[in-house]
Amino acid sequence: VTPDNPPVAAPDAFLGLDIGGTKLAAGIARADGKVLAEARAPSRALEGPDSMIRRLVALGRDAVWDARLGTTDIAAIGIGCGGPLDPERGVVLDALNNPGWVDVPIVAMVEEALGRPTFLENDANAGALAEHRYGAGRGVDDMVYLTISTGIGAGVISGGRLLHGANGNAGELGHVSVDHRGRRCRCGGIGCLEAYASGTNIAERAGMPSAEDVVAAVRRGERHATAVWSETVELLGAAIASIVNAFNPRRVVLGGGVTRAGDVLFEPVRRIALQRAMPQLAAVVDILPAALGERTGILGAVAVAVDRRA
Ligand code: BGC
């Protein structure tokens, strides 16, 4: 190595791509979680994978450009998407949040477009990695991240490691049943937590356009909205008690659009979850809001790229 031939720094910029039920996001971050650029666009429910992935790739290029980099400066790309999926083969099997996404080889498509090694993970598993590494789960070895958004998903960190399961789909806690004769879920199950407490289902049960409208009506003291909301927080509290009993976490981190409700959600959910969980397990758990806000998705995808590239 001479002064004219300095060592090239190992690339430390990662591209995170996140496919949500209502938005697409792309971000560039370093392995330490420092975000260099980010870009967002709405996702359209019935758009279909080809068009949506094309837009996602374009958003990724925008982020690379905004960070004043070229695609060759990107060490690896991570993608977070709703499941079920095959993280090994990089295929979305049947994303419940995006109708028509069946057997989509998204990793191959993104690699072909951007020319960098690409890795796929469940969005909520990725979110758990992000909150664990950069957010509300820092310093804690046992945590569960639950995202309450268009769907409900989760990621479980146990002994400092993300639980993957037999084929990479562990942590589908939106599909634990809270009523064995209850509402039919789009996953095919019956009485799933998601069928009651996801943003979409809260709105549907209250007969309102969005969960945000329901929360606003609860704040105004409207009867029907308040009844639907009380049942929702009770179901969430009961499900979180079961999650506490199953995994004995030190921390349960709640994120996703519905948690923007703030105290009207956290206060009753905490109370009910801690009342119902086994006392010895309830004694060691905190239930906290996610710390990364809108960035959970992109930082989760970045965390996946950092880990899987290694
Ligand atoms: C899916 C999960 C996903 C969650 C949030 C659920 O419907 O089953 O895989 O994590 O939505 O997007």
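These numbers come from a predicted model, not from an experiment.

Caption draft 1: Examining the side chain of E47 more closely. Structurally, E47 is set in the loop between β3 (35-42) and α1 (49-66). Here the side chain of E47 touches M52 through a polar contact of 3.5 Å, landing on its backbone nitrogen. Apart from residues lying up to four places away in sequence, E47 is in contact with M52 and R55.

Caption draft 2: Quick look at the site of the ligand. Taken together, 14 residues sit near the ligand, with G83, N122, D123, E172 and E194 positioned nearest. Between the ligand and the protein, one listed contact pairs an oxygen atom with a side-chain N or O atom of N97 at 2.8 Å. Contact with the protein chains removes 98% of the 300 Å² of surface that the ligand exposes when unbound. At the level of secondary structure, the elements contributing two or more residues to the shell around the ligand comprise α3 (123-134) and β10 (152-158). Residue classes in the shell around the ligand are distributed as three nonpolar, seven polar and four charged.

Caption draft 3: Geometry of the sheet that holds strand β4 (residues 74-81). An order of β3-β2-β1-β4-β8 is seen for the five strands of this open sheet, with the pairing classed as mixed. Here the strands that pair on one side only, and so sit at the sheet edges, are β3 and β8 (118-122). Neighbour-to-neighbour, the strand axes of this sheet turn through a mean angle of 15°, independent of strand direction. Bridge analysis of strand β1 (residues 13-19) against β4 gives seven bridges, and the strand direction is parallel. Paired with I19 across the bridge in β4 is C81. Against the sheet, α1 contacts β1, β2 (23-29), β3 and β4, and its axis sits at roughly 30° relative to β2. Each of β1, β4 and β8 is contacted by helix α2 (residues 106-114), which is oriented at about 145° to β8, the strand it contacts most.

Caption draft 4: Layout of the side chain of E121. The residue E121 is located in strand β8 in this model. There is no salt bridge for the buried E121, and the closest opposite charge comes from R308, which lies 4.1 Å off by N-O distance. Among all residues touching E121, those that are not within four sequence positions of it are I79, G80, C81, L85, A126, L162, H164, G168, V304 and R308.

Caption draft 5: A look at the pairing of β8. Extensive coverage of β8 is indicated by the burial of five of its five residues. For β4 and β8, the ladder comprises five bridges, and the chain directions are parallel. Counted as the bridge partner of I79 is L120 from β8.

Caption draft 6: The nonpolar core, seen in detail. Counting residues in each nonpolar core, the largest one holds 44 residues, and the members touching the most others are L146, W229, I240, L254 and L265. Sorting elements by how many residues they give to this core places helix α7 (residues 223-247) first, with 11 residues. Setting aside its immediate chain neighbours within four residues, L265 contacts W229, V233, L236, L254, V258 and T259.

Caption draft 7: Structural detail: the packing of helix α5 (residues 199-206) against α7. It is at 9 Å that the axes of α5 and α7 come closest, and there the two elements cross at 140°. The angle between the axes of α5 and α7 places the two elements in the oblique class. Once α5 is placed against α7, the crossing between them reads as right-handed. Taking contact as the criterion, the partners of I202, R205 and A206 in α5 are, on α7, H224, V228, W229, E231 and T232.

Reading the values: the criteria
Residues numbered from 1 in each chain as written. Predicted model: local features only at pLDDT ≥ 70, side-chain atom pairs only at ≥ 80, totals over all residues. Heavy atoms only, no water. Helix = DSSP H or I, 4+ residues; strand = E, 2+ residues; numbered from the N terminus. Polar contact = N/O pair within 3.5 Å; in protein donor to acceptor, adjacent residues only side chain to side chain. Contact = heavy atoms within 4.5 Å. Near = heavy atom within 4 Å. Areas by Shrake-Rupley, 256 points an atom, 1.4 Å probe, with all protein chains shown as cover. Nonpolar A, V, L, I, M, F, W, Y, C, P; charged D, E, K, R; others polar. Pairing = 2+ DSSP bridges. Axes fitted to C-alpha atoms, helices over the stretch in contact; angles between N-to-C directions. Buried < 20%, exposed > 50% of the residue type's maximum accessible area, 1.4 Å probe, protein only. Lys, Arg positive; Asp, Glu negative; His and termini not counted. Salt bridge = Lys/Arg side-chain N within 4 Å of Asp/Glu carboxyl O. Core = buried A, V, L, I, M, F, W, Y, C linked by side-chain atoms within 4.5 Å. Parallel < 35°, antiparallel > 145°, perpendicular 65-115°, else oblique. Left-handed = near helix turned anticlockwise from the far one by under 90°.

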